[in-house]
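# Descriptive structure summary
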Amino acid sequence: MADEELVREVQELRKALEELRESFAVVSQMAQAYLRLINIYAQYGGLSVDLVVPEVRSDPIAREIVRILFDLKRANVSQIARELKGRRGKASRNTVRAKLAELKEMGIVVEAHGERGKVYALSPEVVKKWLEMIGMPIRLDQTNDY
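Note that the coordinates shown come from a computational prediction; the quantities given were computed from them, not determined experimentally. (Residues numbered from 1 in each chain as written. Predicted model: local features only at pLDDT ≥ 70, side-chain atom pairs only at ≥ 80, totals over all residues. Heavy atoms only, no water.)

### Examining the overall build of the protein chain
Rules: We count a stretch as a helix when DSSP gives it H or I for four or more residues in a row; a strand needs E for two or more, and each element gets its number in order from the N terminus. Between buried and exposed lies partly exposed: a residue is buried under 20% and exposed over 50% of the maximum accessible area for its type, with that area taken using a 1.4 Å probe on protein chains only. Contacts are assigned to residue pairs that have any heavy atoms within 4.5 Å of one another. In this description, accessible areas are obtained by the Shrake-Rupley approach with a 1.4 Å probe, and a residue is regarded as covered only by the protein chains that are shown.
Looking only at helices and strands, one finds six helices and three strands in the protein chain. Ordered by position from N to C terminus, the α and β elements of the protein chain give α-α-α-β-α-α-β-β-α. Projected onto its principal axes, the C-alpha coordinates of the protein chain cover approximately 80 × 40 × 25 Å. Counting every position in the protein chain, which comprises 146 residues, the buried fraction comes to 29%. Contacts in the protein chain between residues at least 24 apart in sequence constitute 45% of all its contacts with a sequence separation of at least 6. By element, 52% of the accessible surface of the protein chain is carried by carbon and sulfur atoms, the whole surface being about 10400 Å².

### Section: the sheet that holds strand E2 (residues 109-114)
Using the following cut-off: Strand pairing requires that DSSP identify at least two bridges connecting the strands.
With antiparallel pairing, the three strands of this open sheet are ordered in space as E1-E3-E2. This sheet does not close on itself; its edge strands, each paired only once, are strand E1 (74-75) and E2. Bridge count for E1 against strand E3 (residues 117-122) is two bridges, and the pairing is antiparallel. When the bridges of E3 are listed, Arg74 appears paired with Ala121.

### Some thoughts on the side chain of Lys99
Applicable threshold: As used in this structure description, the phrase polar contact means that two N or O atoms lie within 3.5 Å; if the pair is within protein, one of them must be able to donate a hydrogen and the other to accept it, and residues adjacent in sequence are counted only when both atoms belong to side chains.
With respect to the secondary-structure elements, Lys99 resides in helix H5 (residues 93-105). Here Asp59 takes part through its side chain, which lies 2.6 Å from a polar atom of the side chain of Lys99.

### Considering the UniProt feature "coiled-coil region" (unreviewed entry) in the protein chain
Test applied: UniProt positions are given in the numbering used here, feature names are shortened, and annotations may be inferred rather than shown by experiment.
Sites flagged by UniProt as "coiled-coil region" (unreviewed entry) map to residues 3-30. End C-alpha to end C-alpha, residues 3-30 measures 41 Å, and it is 100% helix and 0% strand.

### Some words on the nonpolar core
What counts is decided by this rule: We call a set of buried Ala, Val, Leu, Ile, Met, Phe, Trp, Tyr and Cys residues a nonpolar core when their side-chain atoms join them within 4.5 Å.
By size, the foremost hydrophobic cluster in this structure holds 29 residues, and its most contacted members are Ile80, Leu100 and Ile108. At the level of elements, helix H2 (49-52), helix H3 (60-72), helix H4 (77-88), H5, E3 and helix H6 (124-134) are the ones that each hand at least two residues to this core. Setting aside residues no more than four positions away along its own chain, Ile108 makes contact with Val53, Glu55, Val56, Val66, Leu103, Ala121, Leu122, Ser123 and Val126.

### Focus on the packing of H4 against H5
Stated formally: The convention used is that axes are lines fitted to C-alpha atoms, helices contributing only their stretch in contact, and that angles between N-to-C directions extend from 0 to 180 degrees. When an angle is under 35 degrees it counts as roughly parallel; over 145 it counts as roughly antiparallel; between 65 and 115 it counts as roughly perpendicular; any other value is oblique. Working rule for handedness: look at the near helix, and if it is turned counterclockwise from the far one by less than a right angle, call the crossing left-handed; if clockwise, right-handed. Note on residue classes: Ala, Val, Leu, Ile, Met, Phe, Trp, Tyr, Cys and Pro are nonpolar, Asp, Glu, Lys and Arg are charged, and everything else, Gly too, is polar.
Taken N-terminus to C-terminus, the directions of H4 and H5 make an angle of 110°; their axes are 9 Å apart at the nearest point. Accordingly, the angle class assigned to the pair H4 and H5 is roughly perpendicular. With respect to the hand of their crossing, H4 and H5 are arranged in right-handed fashion. Residues Val77, Ser78, Ile80, Ala81 and Leu84 of H4 form the contact with H5, whose own contacting residues are Arg93, Val96, Arg97 and Leu100. Partitioning the contact of H4 with H5 into residue classes produces six nonpolar, one polar and two charged.

### Digging into the pattern of salt bridges
Applied cut-off: In the sections that follow, a salt bridge refers to a side-chain nitrogen of Lys or Arg positioned within 4 Å of a carboxyl oxygen of Asp or Glu.
For the structure shown, the criterion picks out nine salt bridges. Of the charged contacts in the structure, one is a salt bridge between Glu12 and Arg8, with a shortest N-O distance of 3.1 Å. Separated by four residues within a single helix, Glu12 and Arg8 lie in helix H1 (residues 2-44), roughly one turn from each other. By relative accessible area, Glu12 is classed as partly exposed at 46%. Linked by salt bridges that have partners in common, Glu64, Arg67, Asp71, Glu83 and Arg87 make up one network.

Dropping the structure here:
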């Protein structure tokens, strides 16, 4: 009887130790990601979409559209134009359509069919680059956000 109880306690201790190891691995990964973010911030003066999508660095409208899509996840032309107008003071749907076509051609944005027509989102490659840069251990196949 005492032997069985001892075996059970050892098994419980092993299980607890394994859980602690897993928790430590997660905390260690988070600490590394935090240090990476601090390093990026110190090196570039901030975290910006320019770091992941350097193609939009010289185009303020395209850069802002990418930021909008980071915030909204998916949006149609009207939603993007409305948000762009709020952020920049002016925007036209024609300009947004043209920029989205350019971004789509560059592989930065993808087009999908929503409930009311076309919607746009960042390409999985861009989202993956962003998550890698900030050190988030999220796999895109585990989320419906993008």
